[in-house]
Amino acid sequence: MADHITGIVLADLAVLLGVAYVFVKLAGRLGQPAVIGEITAGIALGPSLLGLLPGDPSALLFPAEARPYLQVLAQFGLVLFMFGVGYELSPTAIRDHGGQVTLVSLTSVAVPFAMGMGLAVVLYPWFDRSQLRVDGVLGPALFLGAAMSITAFPVLARIITERGLHRSRLGSMALTSAAIQDFIAWCVLAVVVALVGSGGPAGLGRVAAGSVAFLLAMLYLVRPALAWVLAPERTWAGNRTVAHTVVVCGVLTCAWTTDLIGLHVVFGAFLFGAVVPRDYIGALTPEVPDRVQQTSLLLMPAFFTVTGLSVDVGSLGGQGALMVVAVVVVACAGKFAGAGIAARLTGATGRDSAVLGVLLNTRGLTELVILNVGLELGVLDSRLFTAMVVMALVTTVMAGPLLTRLVPAEPPVRYDPVPQTPLTR
């Protein structure tokens, strides 16, 4: 039986990688980032497309007994990906921001958060309560607000670079704002997860105390310990095996710790990536983060497929279609209003304000990470989950065409022929 399941999982991985490659190439020909192809591939392999064929090939290809193993692989890839997100987060960029960036960042979180909460209250009568594991509208409202607030920093960075905006003040402002608001949104999401998953005031107190203790330990114990271990004067400095082992063991241990506390594994991996001494690794073993991200690249198709198996566009119905429209409209309006109006009020031109709104409206893969957390917590039903996945696709797809209209063409950017990593999506 074990050998049978192993064979199925290996065959599934072969299919996932092959289909993802084809869809990524198609997305590139359409001028879209790789993540669009990968998300679409995951949805296509699920009940929304493959499952519509006679005999339900999706269920045959991904049988119920194999899905827990795919879920484990997906979570492993996700943990490594979140390490990369934390590693790429620049504390300097967050510290050295001006008043305009501060206002844009805060309003780009506050306005979508408020609108997302309001939308959850409006849509709550349509929720399938049997799929929720929380009582009342507070949990779904808080979670939807946090999910609406996110910007996909990795996707945004690639779009800005491809458009030649990384050399401009507007591009730097967008990246800094995205870094700040993502930091705020992840903190808010951690609070939401603690509130929803604690099971009452006593449980919430334990989660809060554990979270604070973990954060303090990361800042005042783990970070100095990593700096000591990876310091250039150590005899093993520059040894890729040592650095790689320290990083992978640290990521997995921190992910396990936050799961034990009552948060999600993504928080531990993200925070470990943020506290790793980048100066030492960048100077001595810069290939170590790339190796971790390449491993993530290999496993992320499993994450997209597990996500796609939960997306069933065909079962939305009339109410579900209205939910999709409402989610997309509120998501776009929240970011455009939060970023664009704040930028305009602080002296930006109308065109620059519009470009900033378009850039910060990009969700991409980061949104899918958050949505999977919500699905596991039971604060989303399947229809709202599908609507939010569609929103992540739409807001990412629309960025390219809108920027083409708003921003004059720049000379093409030359890239070194290096493999693409998840953080360039």
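Residues numbered from 1 in each chain as written. Predicted model: local features only at pLDDT ≥ 70, side-chain atom pairs only at ≥ 80, totals over all residues. Heavy atoms only, no water.

Student: Which residues make up the packing of helix α15 (residues 317–345) against helix α16 (residues 350–360), and what values do they have?
Tutor: A pair of packed helices can be characterised by two numbers: the angle between their axes and the separation between those axes. It is the contact of α15 with α16, at a shortest axis distance of 8 Å, that shows an interaxial angle of 150°. Accordingly, the angle class assigned to the pair α15 and α16 is roughly antiparallel. The interaxial crossing formed by α15 with α16 has right-handed handedness. Touching Lys335, Phe336, Ala339, Gly340, Ala343 and Arg344 of α15 are Gly350, Ser353, Leu356, Gly357, Val358 and Leu360, all from α16. Taken together, the residues that form the contact of α15 with α16 break down as six nonpolar, four polar and two charged. (Axes fitted to C-alpha atoms, helices over the stretch in contact; angles between N-to-C directions. Helix = DSSP H or I, 4+ residues; strand = E, 2+ residues; numbered from the N terminus. Parallel < 35°, antiparallel > 145°, perpendicular 65-115°, else oblique. Left-handed = near helix turned anticlockwise from the far one by under 90°. Contact = heavy atoms within 4.5 Å. Nonpolar A, V, L, I, M, F, W, Y, C, P; charged D, E, K, R; others polar.)

Student: So, the side chain of Thr362: which residues are in play, and what are the values?
Tutor: Tracing the backbone shows Thr362 in the loop between α16 and α17 (364–377). Reaching out from Thr362, the side chain makes a polar contact with the backbone oxygen of Leu359 at a distance of 3.1 Å. Setting aside residues up to four positions removed in sequence, Thr362 forms contacts with Thr151, Ala152, Val155, Ile159, Thr395, Thr396 and Ala399. (Polar contact = N/O pair within 3.5 Å; in protein donor to acceptor, adjacent residues only side chain to side chain.)

Student: Requested: an account of a nonpolar patch on the surface, with residues and values cited.
Tutor: Together, Val212, Leu215, Leu216, Leu219, Tyr220 and Leu221 make up a nonpolar patch on the protein surface, roughly 600 Å² of accessible area in all. Tracing the backbone shows Tyr220 in helix α10 (residues 201–229). Residue Tyr220 is classed as exposed on the basis of its relative accessible area, which comes to 61%. (Patch = residues over 30% accessible without salt bridge, like charges linked within 9 Å, V, L, I, M, F, W, Y side chains within 5 Å. Areas by Shrake-Rupley, 256 points an atom, 1.4 Å probe, with all protein chains shown as cover. Salt bridge = Lys/Arg side-chain N within 4 Å of Asp/Glu carboxyl O. Buried < 20%, exposed > 50% of the residue type's maximum accessible area, 1.4 Å probe, protein only.)

Student: Requested: an account of the packing of helix α14 (residues 287–308) against α17, with residues and values cited.
Tutor: Across the interface, α14 lies against α17 with an axial gap of 11 Å and an inter-helix angle of 60°. Considered as vectors, α14 and α17 are oriented oblique to each other. Handedness of the crossing formed by α14 with α17: left-handed. Contacts between α14 and α17 involve Met300, Phe303, Phe304 and Thr307 from the former and Leu365, Leu368, Val369 and Asn372 from the latter. In terms of residue class, the contact of α14 with α17 is made up of six nonpolar, two polar and no charged.

Student: How would you sum up the pattern of salt bridges? Please name residues and give values.
Tutor: In total, this model carries two salt bridges according to the counting rule given. Where Asp352 meets Arg351, a salt bridge forms, and the shortest distance between an N and an O atom there is 2.8 Å. Its relative accessible area of 38% is what places Arg351 among the partly exposed residues.

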